[in-house]
Amino acid sequence: MPGVDGLAPAPYRVFRDLLPNGLRLATVETPHLHSAVVAIYVRAGARYETPRNNGLSHFVEHMLFRGSAQYPTSFLLNQAIEERGGTLYAETGRDYSLYHVGLRPRDVSVAMDILGDLFAAPTFRDIELERPIILEEILEDLDDRGRNVNIHDISRAAAWQGHPLGLPVIGPARNVKRFTTTDVRRHFKQLYGARNMALCVAGRVDHDEVRALATKAFARVPEGRRVEPRGARARFDGPLIKFVSDDGSQVQVQLVFHALPETDPLYPALATLLRLVDDGMSTPLHYRVCDQKGLAYSVSAGLEPLHDATLVEIDAACSADNLAPLVREILLVLRSCKISRI
């Protein structure tokens, strides 16, 4: 690939295709690597749910690991990938679900065959075995009194008041307890059509070969329809404070701000600003809050980007006595960035 403005040639090439059933394919040729990654993104998550079915996207993700037509049990499914040195990884976010396998380039065809069968013919078996596993996962976010103390769930509910993005990814226990296999299949059929998914393959691979393999492996995945989310918009005009009582020895605090969406031309500048604020122990946030003021053991800043919105989040934990000065110092750091125009 030729260089630009005298720069060295890029060490990769990117190709985009649309397969016959509507599945979008992105291939990234990186011949200098000795590994490959196959990943599928689905427009599924809390953003595509209601309070009534909240948690169902996460439930579907779990149930997919129960097997497919060709690999009818969870053991056979995972063994088929792990005996080739890979691991089937999945996660559900607020506006996506991800299925990911990393392995040797020569096994890309096998990975795509496995994933193609999984998304064309899942078994969705053993729901009563999977249900208590998810309920155990929910317990990780609750304190001894059953209160949700997951700081991300609390802050998102405040930031996206009344919008599905404010719903917890895993959903409430009452929903998980009543979901049926019929609910799982219906949700899968609604969101897991080829037009609502994207397949990404990167590594020491050949674009033409990947396209041919993907066309064959995912041919049985129904076309479905592309699901459009509700637009994300802030619902308040000033500071909003949300507090949940907890018996822990520290106070967890998260400051969240609405910011530019990932598609905005100025988004790279926002990402750069966050790196200047927090990218190591010598950058202002950690140095001033921890090293100079001794208000916390650690503090961090990050972004949660979406195509139409972004949240800037700053996390810390401290003793109750340090909460007010901690928040004040964080805000002073941010104010100094604005004044100095870094």
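On a predicted model such as this, the values are computed, not experimentally measured, just so you know. Within each chain, residue numbers correspond to sequence positions counted from 1 in written order. Totals for whole chains, interfaces and linings use all residues, but because this is a predicted model, local features are given only for residues with pLDDT of at least 70 and pairs of side-chain atoms are given and counted only at 80 or more. Side-chain calculation: all heavy atoms of the structure are included, whereas hydrogens and water are not.

K.L.:
It is not clear to me how the pattern of salt bridges should be interpreted in this structure. Could you clarify?
P.N.:
Where charged atoms of side chains with opposite charge meet at close range, the side chains can pair. A pair is scored as a salt bridge if a Lys or Arg side-chain nitrogen falls within 4 Å of a carboxyl oxygen belonging to Asp or Glu. This structure, assessed with the given rule, holds 21 salt bridges. Of the charged contacts in the structure, one is a salt bridge between R125 and D126, with a shortest N-O distance of 3.4 Å. Three labels apply to residues, based on accessible area from a 1.4 Å probe with only protein chains included: buried if under 20% of the type maximum, exposed if over 50%, partly exposed otherwise in between. On the basis of relative accessible area, D126 is assigned to the partly exposed category, the value being 32%. Put simply, R147 and D143 hold a salt bridge, and the shortest N to O gap is 2.7 Å. Residue classification places R147 among the partly exposed residues on the basis of a relative accessible area of 22%. Three or more residues are tied together by salt bridges with common partners; here these are R66, R125, D126 and E130.

K.L.:
How do you make sense of the packing of helix α1 (residues 56–64) against helix α7 (residues 181–191) when you look at a structure like this?
P.N.:
Helix packing for two helices is described by the angle between their axes and how far apart those axes are. The angle between two axes is taken between their N-to-C directions and runs from 0 to 180 degrees, where each axis is a line fitted to C-alpha atoms and a helix contributes only its stretch in contact. The helix and strand labels rest on DSSP assignments: H or I over at least four residues marks a helix, E over at least two residues marks a strand, and numbering proceeds from the N terminus. Following both chains from N to C, one finds α1 and α7 inclined at 100°, their axes separated by 10 Å at the closest point. When the axes of α1 and α7 are compared, the pair comes out roughly perpendicular. On the side of α1, the interface is formed by L56, S57, F59, V60, M63 and L64, while α7 contributes D183, V184, H187, F188 and L191. Nonpolar residues are Ala, Val, Leu, Ile, Met, Phe, Trp, Tyr, Cys and Pro. Charged residues are Asp, Glu, Lys and Arg, and all others, Gly as well, are polar. Residues belonging to the contact of α1 with α7 are distributed by class as follows: 8 nonpolar, 2 polar and 1 charged. Note that the term roughly parallel is reserved for angles under 35 degrees, roughly antiparallel for angles over 145, roughly perpendicular for angles of 65 to 115, and oblique for everything else. Contacts are assigned to residue pairs with any non-hydrogen atoms lying within 4.5 Å of each other.

K.L.:
Can you walk me through the nonpolar core in this structure?
P.N.:
Buried together is how nonpolar side chains tend to be arranged in soluble globular proteins. In plain words, nonpolar cores are sets of buried Ala, Val, Leu, Ile, Met, Phe, Trp, Tyr and Cys residues tied together by side-chain atoms within 4.5 Å. By size, the foremost hydrophobic cluster in this structure holds 53 residues, and its most contacted members are M112, F119, Y192, L199 and F218. Apart from the residues lying within four places of it in its own chain, the contact partners of Y192 are V42, A44, V60, L64, S97, Y99, F119, M197 and V221. L285, C290, V299 and A316 belong to the second-largest nonpolar core, a separate cluster that totals 21 residues.

K.L.:
Looking at this structure, I do not really get helix α3 (residues 108–120). What am I missing?
P.N.:
A turn of α-helix holds 3.6 residues, and therefore any two residues three or four places apart point the same way. Counted at 1.5 Å a residue, the expected span for α3 with its 13 residues is 18 Å, and the 18 Å between its end C-alpha atoms agrees. All buried positions along α3 are accounted for by V108, A111, M112, I114, L115, G116, D117, L118 and F119. Given the number of residues in a helix, its expected span is that number minus one, multiplied by 1.5 Å.

K.L.:
Help me understand the pairing of strand β4 (residues 88–92), please; the structure alone is not making it clear to me.
P.N.:
It is a general feature of regular strands that their side chains alternate between the two faces of the sheet. Burial along β4 is one-sided: L88, A90 and T92 are buried, and none of Y89 and E91, which face the opposite way, are. Counted between consecutive antiparallel strands, the loop separating β4 from strand β5 (residues 97–103) contains 4 residues. Here the rule is simple: two strands pair whenever DSSP picks up at least two bridges between them.

K.L.:
Just to check I follow, could you spell out the confidence of the model for the protein for this structure?
P.N.:
Residues shown with low pLDDT carry predicted positions that ought not to be read at fine detail. Across the protein, the average pLDDT comes to 92, with 95% of residues at or above 70. When mean pLDDT is compared element by element in the protein, α7 scores highest at 98, while helix α11 (residues 323–340) scores lowest at 88. The score called pLDDT rates the predictor's confidence residue by residue, from a low of 0 to a high of 100.

K.L.:
I would appreciate a short explanation of the state of the cysteines in the present structure.
P.N.:
Cysteine pairs can be covalently joined through their sulfur atoms, and such a bond is termed a disulfide. Two cysteine sulfurs form a disulfide in these notes if their separation is within 2.5 Å. In the structure shown here, the tally under the stated rule is 0 disulfides. In this structure C290 is not part of a disulfide, and its nearest cysteine sulfur, from C318, lies 10 Å away. In this structure C337 is a free cysteine whose sulfur lies 15 Å from that of C290, the closest cysteine sulfur available. With relative accessibility at 7%, the residue C337 sits in the buried group.

K.L.:
Please clarify how unusual backbone geometry should be interpreted in this entry.
P.N.:
Negative phi characterises most residues that are not glycine, and trans characterises most peptide bonds. Even without being glycine, F124 reaches a positive phi, approximately 50°. Examined against the element boundaries, F124 turns out to sit in the loop between α3 and α4 (127–139). In this structure, D126 is a non-glycine residue whose phi angle is positive, near 60°. Mapped onto the fold, D126 is located in the loop between α3 and α4.

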